[in-house]
Amino acid sequence: MQTLEAIRHMCDTSGQKIAAVSKAIGRSRAFLSNMLTRGNNPRIDTLIEIAGACGYKVELVRDGERIELEAE
């Protein structure tokens with residue numbers, strides 16, 4: 001799954017509208033919508049914030065080892 005697809009999926013499954021997720025991470029209502037429309041991938045820290053606002057976490061996985069990334 002591509003990054004922008006994953007963001008749409010997280011918003012959809014969390015039941016939150018894209019504008020609400022933007023506000024939850026302290027951005028303008030149009031921030032996330034504009035990102036998705038323009039096809040711009042977010043920085044990793046922004047992705048972590050979006051995931052958290054939707055009830056997800058971002059992990060790196062290798063051979064059973066998991067590293068959870070947290071927003072600063």
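Since the structure is predicted, the reported quantities are computational estimates derived from the model, not experimental observations. (Residues numbered from 1 in each chain as written. Predicted model: local features only at pLDDT ≥ 70, side-chain atom pairs only at ≥ 80, totals over all residues. Heavy atoms only, no water.)

Asker: Explain the pattern of salt bridges to me, please; I cannot follow it from the model alone.
Answerer: This model, assessed by the stated rule, comprises five salt bridges. Residue R66 is joined to E59 by a salt bridge in which the shortest nitrogen-to-oxygen separation is 2.8 Å. Under the relative-accessibility criterion, E59 is labelled partly exposed at 28%. Close ionic contact of D63 with R62 constitutes a salt bridge, the shortest N to O distance being 4.0 Å. For the residue pair D63 and R62, the accessibility class agrees, reading exposed in each case. Taken together, the shared-partner salt bridges connect K57, E59, R66 and E68 into one network. (Salt bridge = Lys/Arg side-chain N within 4 Å of Asp/Glu carboxyl O. Buried < 20%, exposed > 50% of the residue type's maximum accessible area, 1.4 Å probe, protein only.)

Asker: Would you take a moment to explain the nonpolar core for this structure?
Answerer: Note that soluble globular proteins tend to have their nonpolar side chains buried in a common cluster. Among the nonpolar cores identified, the biggest contains 15 residues, and I7, M10, C11, V21, L32 and I50 are the most heavily contacted of them. Only α1 (3-14), α3 (31-38) and α4 (44-53) provide two or more residues apiece to this core. Setting aside its immediate chain neighbours within four residues, M10 contacts L47, I50, A51, C54 and Y56. (Core = buried A, V, L, I, M, F, W, Y, C linked by side-chain atoms within 4.5 Å. Helix = DSSP H or I, 4+ residues; strand = E, 2+ residues; numbered from the N terminus. Contact = heavy atoms within 4.5 Å.)

Asker: Would you mind going over unusual backbone geometry with me for this structure?
Answerer: A negative phi angle is the norm for most residues apart from glycine, just as the trans form is the norm for most peptide bonds. Located in the positive-phi region is D63, a residue other than glycine, with phi close to 45°. Secondary-structure assignment places D63 in the loop between β1 (58-62) and β2 (65-69).

Asker: What exactly am I supposed to notice about the packing of aromatic side chains here?
Answerer: Under the counting rule described, the total for this entry stands at zero aromatic pairs. Directly above the ring of F31 sits R27, whose terminal nitrogen or CZ lies 4.4 Å from the centroid. (Phe/Tyr/Trp six-rings, centres within 6.5 Å; stacked < 30°, edge-to-face > 60°. Lys NZ or Arg CZ within 6 Å of the ring centre and 35° of its normal.)

Asker: Would you mind going over α1 with me for this structure?
Answerer: In an α-helix, one turn spans 3.6 residues, which is why side chains three or four residues apart end up on the same side. The first and last C-alpha atoms of α1 sit 16 Å apart over twelve residues, in line with the 16 Å expected at 1.5 Å per residue. Every buried residue of α1 is accounted for by L4, I7, M10 and C11. Looking straight down α1, one finds its buried side chains confined to an arc of 120°; they lie on one side. Looking at the buried side of α1, the elements it contacts are α2 (18-24), α3 and α4. Immediately downstream of α1, the backbone of G15 shows phi near 80°, a positive value. (Expected span 1.5 Å × (residues − 1). Arc of directions from axis to C-beta.)

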